[in-house]
Amino acid sequence: MRNQESGNATGSQVQSVDRAISVLELLARNGETGITEIAGELGVHKSTASRLLSVLESRGLVEQLGERGKYAIGFGIVRLAGAATGRMDLAKLGRTSCQTLAETLGETVNIAIADDGVAINISQARGSAAISTQNWTGQRTPLHATSSGKILLASLPEAERKRLLRRKLEQYTPRTVVDPEELNAELDRVAEDGYVACYEELELGMHAVAVPIHGPGGEVVAAMSVSGPSYRLSKQRVRQIVRPLTEAAMELSAQLGYFAD
């Protein structure tokens, strides 16, 4: 009986979400719309439509035009759209930066962002010497076992970083750092070093180095990395790559509105 009630509750919640989205689509399509028209479009009672609008209004997603007036899309939608646009701008601008650097270095270049405890690759370009044909764009990779992930981890607020490091960290290779204290010490050095290198931590035979990309306020919004086979991307070559990689990331940061002092 309890499972049936739980299922009914879940179904009702999904229906409410679907109706709320329908309201937003209706307002986006028709502009200013009254509650009677909204209820009619949804096929629900006016009281149900009123509750939906009340919740959406409390989150700034719709607004009422005048007392007991019609409803319109609220400025909260602009905030959500702005976040999506920012990601799309970064991916679009990043493609050119990645391609230019990949052609210069001959290796694979990626840009990744943090999302719900993982890194997501949003742009990739392969240089002439790249041997892997894998496309990492859209792929989710662990924060603790990749150079980009460590850049993103290091940029998180201390409380959030500690929360993520308390989770069980998967050992991908014998070289993966899974000890929270050791990993935290490495992350603390990022601000001073300005980069992170990973040697066979996600895949045996693969090395990578990453640097931060900054947004308009100076916050780290993404990481740019160069990866390649260990026999070619030696520790010495990684040190040589850091400078052009950093310059490319700084140029992209400037395009996003950040200028270093």
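Residues numbered from 1 in each chain as written. Predicted model: local features only at pLDDT ≥ 70, side-chain atom pairs only at ≥ 80, totals over all residues. Heavy atoms only, no water.

1. Focus on the packing of helix H5 (residues 147-155) against helix H7 (residues 180-188)
Right, so step 1: Where H5 contacts H7, the axes come no closer than 9 Å and their chain directions differ by 80°. The angle between the axes of H5 and H7 places the two elements in the roughly perpendicular class. Across the interface between the two elements, Lys 150, Leu 153 and Ala 154 of H5 pack against Leu 183, Glu 186 and Leu 187 of H7.
Right, so step 2: Its residues placed into classes, the contact of H5 with H7 shows 4 nonpolar, no polar and 2 charged. (Axes fitted to C-alpha atoms, helices over the stretch in contact; angles between N-to-C directions. Helix = DSSP H or I, 4+ residues; strand = E, 2+ residues; numbered from the N terminus. Parallel < 35°, antiparallel > 145°, perpendicular 65-115°, else oblique. Contact = heavy atoms within 4.5 Å. Nonpolar A, V, L, I, M, F, W, Y, C, P; charged D, E, K, R; others polar.)

2. Quick notes on the environment of Glu 103
Right, so step 1: Inspection of the secondary structure puts Glu 103 in helix H4 (residues 75-105).
Right, so step 2: In sequence terms Glu 103 and Ser 128 are 25 residues apart; their C-alpha atoms lie 6.7 Å from each other.

3. A word on the sheet that holds strand S6 (residues 196-199)
Right, so step 1: Here 6 strands make up an open sheet; going across it, the order is S5-S4-S3-S8-S7-S6 and the pairing antiparallel. A strand with exactly one partner marks an edge of an open sheet, and here the two such strands are strand S5 (140-142) and S6. Geometrically, the sheet is characterised by an average inter-axis angle of 35° between neighbouring strands, direction not taken into account.
Right, so step 2: Bridge analysis of strand S3 (residues 108-115) against strand S8 (residues 220-229) gives 5 bridges, and the strand direction is antiparallel. Residue Asn 110 lies in a different strand from S8, and its bridge partner there is Ser 225.
Right, so step 3: Across the face of the sheet, helix H9 (residues 235-255) comes into contact with S3, S6, strand S7 (206-214) and S8 while running at roughly 25° to S7. (Pairing = 2+ DSSP bridges.)

4. What about the environment of Gly 69?
Right, so step 1: Inspection of the secondary structure puts Gly 69 in the loop between strand S1 (62-64) and strand S2 (71-73).
Right, so step 2: Gly 69 gets classed as partly exposed once you look at its relative accessible area, which sits at 21%.
Right, so step 3: Linking Gly 69 and Thr 33, residues 36 residues apart in sequence, is a C-alpha distance of 8.8 Å. (Buried < 20%, exposed > 50% of the residue type's maximum accessible area, 1.4 Å probe, protein only.)

5. A look at helix H6 (residues 158-165)
Right, so step 1: Buried residues of H6: Arg 161, Leu 164 and Leu 165, and no others. Viewed end-on, H6 has its buried residues packed into an arc of 95°, placing them on one side of the element.
Right, so step 2: Packed against the buried residues of H6 are H5 and H7. (Arc of directions from axis to C-beta.)

6. Some thoughts on the environment of Ala 28
Right, so step 1: Mapped onto the elements, Ala 28 comes out in helix H1 (residues 2-30).
Right, so step 2: Between the C-alpha atom of Ala 28 and that of Ile 73, which follows or precedes it by 45 residues, the distance is 6.6 Å.

7. So, H9
Right, so step 1: Between its first and last C-alpha atoms H9 spans 30 Å; for 21 residues at 1.5 Å apiece the expected length is 30 Å, and the two agree.
Right, so step 2: Among the residues of H9, those classed as buried are Val 238, Ile 241, Val 242, Leu 245, Ala 248, Ala 249, Leu 252 and Ser 253.
Right, so step 3: Immediately beyond the C-terminal end of H9, within one or two residues, lies Gly 257, with a positive phi of roughly 110°. (Expected span 1.5 Å × (residues − 1).)

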